[in-house]
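Residue-level structural notes
Below, each chain spelled out in residue letters.
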Amino acid sequence: MPDPTFDEELERRLRLLEDPASPEQVLDDLPARDVALAALGLAVLAVVLLIWGYPR
Amino acid sequence: MTAPGTHAGTDAAAGESDLPLLRAERIWNLRRFSGMNVSLAIATWAFLQGGAVALYVGAEAAIAAIVIGYGISTLLVALAPCVPGAKYGVEMYTGLRSVFGVVGAKAVMLVMTVLVMAAWTALLGIMFGHAVANVMDEIADTGLATSSFAIAVFALIAVAAAWVLLVGGPERVGKVGNIAAPVMIAITLGMLVLIFARTSWSEIAGAAPLYPMEDQHLAFMLAVELNVAGGLAWYPMIGNLARLTDTPRASFWSNAFGLFAASSVAAIVGVFAALALGSDDPTVWMIPLGGAVMGVAVLAFIAFANLTSMVAEAYSGISAIVGVSQKVRRVAWPVLSAVFLVPVVVICLFPESVYNNYGRFLSWVAIVVAPMCGVQVVDYFVLRRARLSLRDLYLPPQQSAYGFWGGWNWVAFAAVALGALTYVALLHPVHYEPNGGFEYVGASIPALVVAGAVHWLGTQLVVRRCGRGGYRDERVG
């Protein structure tokens, strides 16, 4: 059986989030530069640590 | 915290239900989510992780393995589920309806909650049992630390206590848990000081692994794999926290400070302790390190910290179960809590099978989670170009673009299954014995890549051609 309270609240929120004029919109996308920066930083760190810590 | 699912109409409860969040309900900025992330990361399981790594490699290789393994896996987990969860403010398994189908995502949620989150809760309970047994041994010289029966009994007491706290006062537990995090940070730093007060860096760096292997490269890869799996194990939990963040950067970069940096530091301290004291069991370290009085006090606190972590883990799992259906939403909270704890009780009856096999335990988690992460990353970022239809996430299968076939996306399930088979082919999860190829690529990452590739191919060849899944029709965002 549907829960009217939940359904009403869901509909209210969806309308707000779907309305381009509403301040309640979904967040922007994460900039691709951030992902590239994180991946690059990790790659550099991994190389340095492999040189230093790889078992010999 | 309050019991979820009973206040669907109020903003305060939105974060605990599967309603999409509004801006005002996004309570965590970069600093606050980083703080939450750090407090989650420096929990007792980080010491278990360090102890497990010390089985295979010495200190320097362990530092490299931990940083590389955690770095790769937390970057992946930060991408999915964190980024889509934060962008749309939806509960993680609600978001996964776009991947596995409206009904399929509920099945995924049940499996993840019942098996993975219950297993973590049980592991914490068993660690509680070990901590209490060691305290009793020190105080009354009882010899309980070697008794599986006694540890199981203490673990079951922890489960019962967790249920009482879940039913009666999760709000109070949340407040007490806030104290646990800074104390755990102090314990971690204190351990570091005490380790180096009795052992020099050259002694620790020169110490042999607890379970030395002839093939050091293979040992190193096993250590890296342990940490990749350890980082991926955050997958079922972290997405629902990230949805409370107020910017995409807060949802992404906070993981670098918490899940990555803080977990790495705590695990490295665990490695040092394990190598210095010759044991991979964190509950054995405290008395030799801190002396009888301080050691017992720290162990008692660790038992308490495990209890608060159990409640948090169980609470997160039960909150996810609430989203299964409106029928479940109406079940009384104490009953739901008890049902969730049933598999926890079963696992606690066999304490050594989990606690003494932490690597195997992580392996079982990674078999499921690594392919799921790969499928979600490919589905969200590649196939959907980071666009979901919010409304379709909540529509019934016959009306939703995410209905696929009767609510199930069999292509995504097949991709996860093939990813899991890839894992098993590279690293046997029961014997924990690597097969050919593992020494070059590990197991979790190939499983993730295979699952992602199969999902991409299956979607292009089958799902899109059948006009299912809404891959050309994302309406919001």
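All values reported here derive from a predicted model rather than from experimental measurement. (Residues numbered from 1 in each chain as written. Chains lettered and ligands numbered in written order. Predicted model: local features only at pLDDT ≥ 70, side-chain atom pairs only at ≥ 80, totals over all residues. Heavy atoms only, no water.)

A short note on the packing of helix H2 (residues 44-54) of chain B against helix H12 (residues 248-277) of chain B
All names here are of chain B.
- For the pair H2 and H12, interaxial distance at closest approach is 7 Å and the crossing angle is 50°. What the angle tells us is that H2 and H12 run oblique. H2 and H12 meet at a crossing whose hand is right-handed. Two secondary-structure elements touch here, H2 through Ala46, Phe47, Gln49, Gly50, Gly51, Val53 and Ala54 and H12 through Ala266, Ala267, Gly270, Val271, Ala274 and Leu275.
- The residue inventory of the contact of H2 with H12, partitioned by class, reads 9 nonpolar, 4 polar and no charged. (Axes fitted to C-alpha atoms, helices over the stretch in contact; angles between N-to-C directions. Helix = DSSP H or I, 4+ residues; strand = E, 2+ residues; numbered from the N terminus. Parallel < 35°, antiparallel > 145°, perpendicular 65-115°, else oblique. Left-handed = near helix turned anticlockwise from the far one by under 90°. Contact = heavy atoms within 4.5 Å. Nonpolar A, V, L, I, M, F, W, Y, C, P; charged D, E, K, R; others polar.)

Remarks on the environment of Tyr402 of chain B
Residues and elements named next belong to chain B.
- For Tyr402, the location among the structural elements is in the loop between helix H18 (390-394) and helix H19 (410-426).
- Here Tyr402 falls in the buried class, since its relative accessible area comes to 0%.
- When the C-alpha atoms of Tyr402 and Leu388 are compared, they prove to be 9.9 Å apart, with 14 residues separating the residues in sequence.
- Looking at Tyr402, its side chain comes within polar contact range of the main-chain nitrogen of Ser389, at 2.8 Å. (Buried < 20%, exposed > 50% of the residue type's maximum accessible area, 1.4 Å probe, protein only. Polar contact = N/O pair within 3.5 Å; in protein donor to acceptor, adjacent residues only side chain to side chain.)

So, the packing of aromatic side chains
Residues and elements named next belong to chain B.
- Enumeration according to the criterion identifies 19 aromatic pairs over all chains in this entry.
- Ring centres of Trp45 and Trp234 lie 5.5 Å apart, and the angle between their planes is 80°; this geometry places the pair in the edge-to-face category. Taken together, the residues Trp45 in helix H2 and Trp234 in the loop between helix H10 (216-232) and helix H11 (235-242) connect sequence positions 189 residues apart. The burial state of Trp45 is the same as that of Trp234; both residues are buried.
- With 6.4 Å between their ring centres and 65° between their planes, Phe404 and Tyr471 make a pair best called edge-to-face. Here the residue Phe404 occupies a position in the loop between H18 and H19, and Tyr471 occupies one in the segment after helix H21 (444-463), the gap between them amounting to 67 residues. Neither Phe404 nor Tyr471 differs from the other in exposure class; each is buried.
- Aromatic ring contacts, followed pair by pair, group Trp45, Trp120, Trp234, Tyr358 and Phe361 into a single cluster.
- Here the basic side chain of Arg384 rests over the ring of Tyr471, its NZ or CZ set 3.8 Å away from the ring centre. (Phe/Tyr/Trp six-rings, centres within 6.5 Å; stacked < 30°, edge-to-face > 60°. Lys NZ or Arg CZ within 6 Å of the ring centre and 35° of its normal.)

Observations regarding the pattern of salt bridges
- A complete count under the given rule lists 10 salt bridges over all chains for this structure.
- The partner of Glu9 of chain A in a salt bridge is Arg13 of chain A, and the shortest N-O contact between them spans 2.6 Å. With Glu9 of chain A and Arg13 of chain A both in helix H1 (residues 4-18) and 4 residues apart, this pair spans about one turn of that helix. Of the two residues, Glu9 of chain A and Arg13 of chain A, both sit in the buried class.
- Among the ionic contacts, a cluster of salt bridges with common partners joins Glu9, Arg12 and Arg13 of chain A together with Glu25 of chain B. (Salt bridge = Lys/Arg side-chain N within 4 Å of Asp/Glu carboxyl O.)

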